[in-house]
Amino acid sequence: MRVSRATVFRTLEAFARVGLVSKACHPGSSARYDRRVDRHHHLVCLVCDRVTDVDDARLDVLPVPDTRRFGFTVSDFRVQLRGTCRECREQEEKR
Ligand SMILES: [Zn+2]
Ligand SMILES: [Zn+2]
C-alpha cells in the first residue's frame, strides 16, 4: 500500500494530539515523532540527526524554571543531550 507523506504526517499529527505519540522537537529538521510518551530524554547526534532515547532518573527531576512570566505552563519536558553518536565519531576517527 502506498501512502502519501501528507497522509502520514496528518495521521501522526492526530496521534500526537491524542497522546499516542509525542512530537519530538528536533533542531534543523521537520517534526519528528516519538512512540514513547512517558518522560524520557534524547541523545541527538548533530552529524546524522539520529535521536536515541535515554532514561535517567537524574534528568527526570531537573528543576524546571518559573515560566509564569511568559504566561506559560509547563506540563512536561525532555532533555536533549546534543553531540556526536558512536557511528559518526568512528567515521570521524577514520578520516
Ligand atoms: Zn551520528
Ligand atoms: Zn524519545
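Residues numbered from 1 in each chain as written. Chains lettered and ligands numbered in written order. Predicted model: local features only at pLDDT ≥ 70, side-chain atom pairs only at ≥ 80, totals over all residues. Heavy atoms only, no water.

S.K.: Just checking my understanding: could you explain the side chain of threonine 67 for this structure?
M.R.: Structurally, the position occupied by threonine 67 is in the loop between helix H2 (57-60) and strand E5 (80-83). Take threonine 67: its relative accessible area is 17%, and that puts it in the buried class. One polar contact links the side chain of threonine 67 to the main-chain carbonyl oxygen of phenylalanine 72, over a distance of 2.8 Å. Those residues in contact with threonine 67 that sit more than four places away from it in its chain are Phe72, Thr73 and Val74. (Helix = DSSP H or I, 4+ residues; strand = E, 2+ residues; numbered from the N terminus. Buried < 20%, exposed > 50% of the residue type's maximum accessible area, 1.4 Å probe, protein only. Polar contact = N/O pair within 3.5 Å; in protein donor to acceptor, adjacent residues only side chain to side chain. Contact = heavy atoms within 4.5 Å.)

S.K.: Is there a simple way to think about helix H1 (residues 5-18) in this case?
M.R.: Note: α-helices contain 3.6 residues per turn, so residues at a spacing of three or four share the same orientation. Here H1 is 14 residues long and its end C-alpha atoms lie 20 Å apart, about the 20 Å a rise of 1.5 Å per residue gives. The first or second residue beyond H1 is glycine 19, which carries a positive phi of 85°. (Expected span 1.5 Å × (residues − 1).)

S.K.: Where do I start with the sheet that holds E5 in this structure?
M.R.: Hydrogen bonds between backbone groups are what pair the strands of a sheet, and the pairing can be parallel or antiparallel. Taken together, the 3 strands give an open sheet; going across it, the order is E4-E3-E5, and neighbouring strands pair in mixed fashion. Taken across any chain shown, the strands that pair with only one partner, and hence form the sheet edges, are strand E4 (51-54) and E5. Strand after strand, the sheet turns through a mean of 20° between neighbouring axes, direction not considered. Note that strand E3 (residues 41-45) and E4 share 4 bridges and pair antiparallel. Across the sheet, residue histidine 41 finds its bridge partner in E4, namely valine 54. (Pairing = 2+ DSSP bridges. Axes fitted to C-alpha atoms, helices over the stretch in contact; angles between N-to-C directions.)

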